[in-house]
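# Structural overview
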Amino acid sequence: MLLEVAGLQVEKADGGPALVRDVALDVAPGELVLLVGRSGCGKTLALRAIGDLLPGGLRARVDVRRFEGEDLAAPGAMRARLGRRIGWVLQDPAGSFHPAFTLGVQLEDALRAHRRVPRAEAREHAAARLRELGLEDVAAILRAHPHELSGGELQRCALAAALLHDPPLLVADEATSQLDALHRARFLDLVATQRRERGLAVLAVTHELDAFAEEADRILVMSAGSVVERAEGGGIAGLGGHEASRELLRARAALRGEGR
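From a predicted model like this one, the values you see are computed outputs, not experimental measurements. (Residues numbered from 1 in each chain as written. Predicted model: local features only at pLDDT ≥ 70, side-chain atom pairs only at ≥ 80, totals over all residues. Heavy atoms only, no water.)

## As for the sheet that holds strand 8 (residues 169-173)
Read across the open sheet, the 6 strands follow the order 7-8-9-3-10-11; overall the sheet is mixed. The open sheet terminates on both sides in strands that have one partner only, identified here as strand 7 (86-89) and strand 11 (226-232). Averaged over all pairs of adjacent strands, the angle between their axes in this sheet comes to 15°, without regard to strand direction. In this structure, strand 10 (residues 218-223) lies alongside strand 11, joined through 6 bridges in antiparallel fashion. Residue pairing for strand 11: Leu220 is matched across the bridge by Arg230. Sitting on the sheet, helix 5 (residues 151-163) touches strand 7 and strand 8, and the angle it makes with strand 7 is about 165°. (Pairing = 2+ DSSP bridges. Helix = DSSP H or I, 4+ residues; strand = E, 2+ residues; numbered from the N terminus. Axes fitted to C-alpha atoms, helices over the stretch in contact; angles between N-to-C directions. Contact = heavy atoms within 4.5 Å.)

Structural data, given as structure tokens:
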């Protein structure tokens with residue numbers, strides 16, 4: 001198993017009821033695992049707790065957290081793997097970049113932090129990743145600062161940054177929310193290719209069931225901070241045993257214009 005989590009809880013540092021309770025999940029090489037549910041149900045908090053990325057004022061407790069068979073209980077153990085072994089896409093792509101530096105400098109530095117390669121080679125590797133995600137004037141993108149890009153361009157840069165090191169695990173929080181249909185399909189094709197060719201595993205939070213669900217190996221539905229249903233294979237056909245799942249399916253049907 002690549003990633004194993006059990007007994008995950010998130011609570012306010014000053015006490016009060018838990019915001020996330022007893023979440024357990026596992027991701028094997030090549031698998032696509034989805035975490036879904038209505039806004040505010042705790043999906044993003046659960047992901048951030050796994051990656052030691054919780055904002056101030058919150059703390060996590062976890063019974064089991066292993067990556068590639070190694071216990072991550074030691075302080076900083078997960079952070080040492082972020083970027084190199086775990087690619088991470090934040091919900092807000094702007095949060096992945098420093099506003100004062102160009103995209104080229106940041107992508108180059110991200111690569112060279114883990115590989116001793118010349119800066120020119122790092123830039124070409126970053127450019128190749130950007131082209132894979134459908135960005136055309138790559139030279140201009142690399143010269144730009146984050147605020148000079150559109151939301152879709154910035155999201156694709158964040159995806160490229162997460163995949164720079166060919167990590168075995170990609171963790172993506174609403175990774176396609178700002179992409180149009182063409183570039184969403186391009187990203188999904190890239191992920192499918194990497195899953196097939198090198199066993200990339202993906203743990204994703206998404207509201208876009210139609211974009212991801214049919215390829216998912218496992219779907220976990222969250223409600224009020226807990227996982228309330230798990231569907232193994234079969235996409236959304238395996239959902240519907242809990243009211244939170246039925247609510248998602250009704251919303252999906254309404255968006256598709258079904259039943260009118």
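We are not done yet, so read on.
## Describing the layout of surface pockets
Rolled over the atoms, a probe sized like a water molecule indicates the empty space that remains. Computed from the structure, the largest pocket encloses a volume of approximately 450 Å³. Residue assignment for the lining of the largest pocket shows that the elements contributing at least two residues are strand 7, helix 2 (103-112) and helix 5. A class-by-class count of the residues in the lining of the largest pocket yields 11 nonpolar, 7 polar and 1 charged. (1 Å grid on protein atoms, 1.4 Å probe; cavity = no way out; pocket = protein on both sides within 12 Å on 5 of 7 lines; lining within 4 Å. Points joined across faces, edges and corners; volume = space filled by probe spheres on them. Nonpolar A, V, L, I, M, F, W, Y, C, P; charged D, E, K, R; others polar.)

## Quick notes on the side chain of Asp173
By secondary structure assignment, the location of Asp173 is in strand 8. Arg48 provides the closest opposite charge to the buried, salt-bridge-free Asp173, at an N-O distance of 5.4 Å. (Buried < 20%, exposed > 50% of the residue type's maximum accessible area, 1.4 Å probe, protein only. Lys, Arg positive; Asp, Glu negative; His and termini not counted. Salt bridge = Lys/Arg side-chain N within 4 Å of Asp/Glu carboxyl O.)

## Looking at the pairing of strand 7
Neither face of strand 7 is left uncovered, since the one carrying Ile86 and Trp88 and the one carrying Gly87 and Val89 both have all their residues buried. Bridge count for strand 7 against strand 8 is 4 bridges, and the pairing is parallel. In the strand pairing of strand 8, Val89 is matched with Ala172.

## Section: unusual backbone geometry
Positive phi values are uncommon outside glycine, yet Asp166 reaches one of about 50°. Its location among the elements puts Asp166 in the loop between helix 5 and strand 8. Accessibility expressed as a relative area gives 30% for Asp166, which makes it partly exposed. Of note, the phi angle at Glu174 is positive, near 55°, even though the residue is not glycine. As for its placement among the helices and strands, Glu174 is situated in the loop between strand 8 and helix 6 (181-198).

## Side note on helix 6
Three or four residues apart is the spacing at which side chains of an α-helix point the same way, because the helix has 3.6 residues per turn. Compared with the 26 Å implied by 1.5 Å per residue over 18 residues, the 26 Å span of helix 6 between its first and last C-alpha is a close match. Taken as a whole, helix 6 has its buried residues at His183, Arg184, Phe187, Leu190, Val191, Gln194 and Arg195. Taken around the axis of helix 6, the buried residues stretch over an arc of 135°, which confines them to a single face. Structural note: helix 6 exposes Ala181, Leu182, Asp189, Arg196 and Glu197 on the side pointing more than 90 degrees away from its buried face. Looking at the buried positions of helix 6, the neighbouring elements they touch are strand 3 (32-36), helix 3 (119-132), helix 5, strand 8, strand 9 (201-205) and helix 7 (209-212). A positive phi of about 75° marks Gly199, the residue just after helix 6. (Expected span 1.5 Å × (residues − 1). Arc of directions from axis to C-beta.)

## Comments concerning the environment of Thr206
Counting through the fold element by element, Thr206 comes out in the loop between strand 9 and helix 7. Exposure remark for Thr206: the relative accessible area of 2% places this residue in the buried category. Sequence separation between Thr206 and Thr44 is 162 residues; the distance between their C-alpha atoms is 9.7 Å. Beyond its immediate stretch of four places on either side in the chain, Thr206 contacts Leu34, Leu35, Val36, Glu174 and Phe212.

## Regarding the pattern of salt bridges
Applying the stated criterion to the full structure yields 19 salt bridges. Residue Arg218 pairs with Asp26 through a salt bridge whose shortest N-O separation is 3.6 Å. Here Arg218 is found in strand 10, whereas its partner Asp26 is found in strand 2 (residues 20-27), with 192 residues between them in sequence. A salt bridge links Asp109 to Arg119, with the shortest nitrogen-to-oxygen separation between them at 3.0 Å. Here Arg119 lies in helix 3 and Asp109 lies in helix 2, a separation of 10 residues in the sequence. Accessibility expressed as a relative area gives 37% for Asp109, which makes it partly exposed. With relative accessibility at 35%, the residue Arg119 sits in the partly exposed group. Within the structure, one salt-bridge network assembled from shared partners comprises Asp26, Glu31, Arg218 and Glu232.

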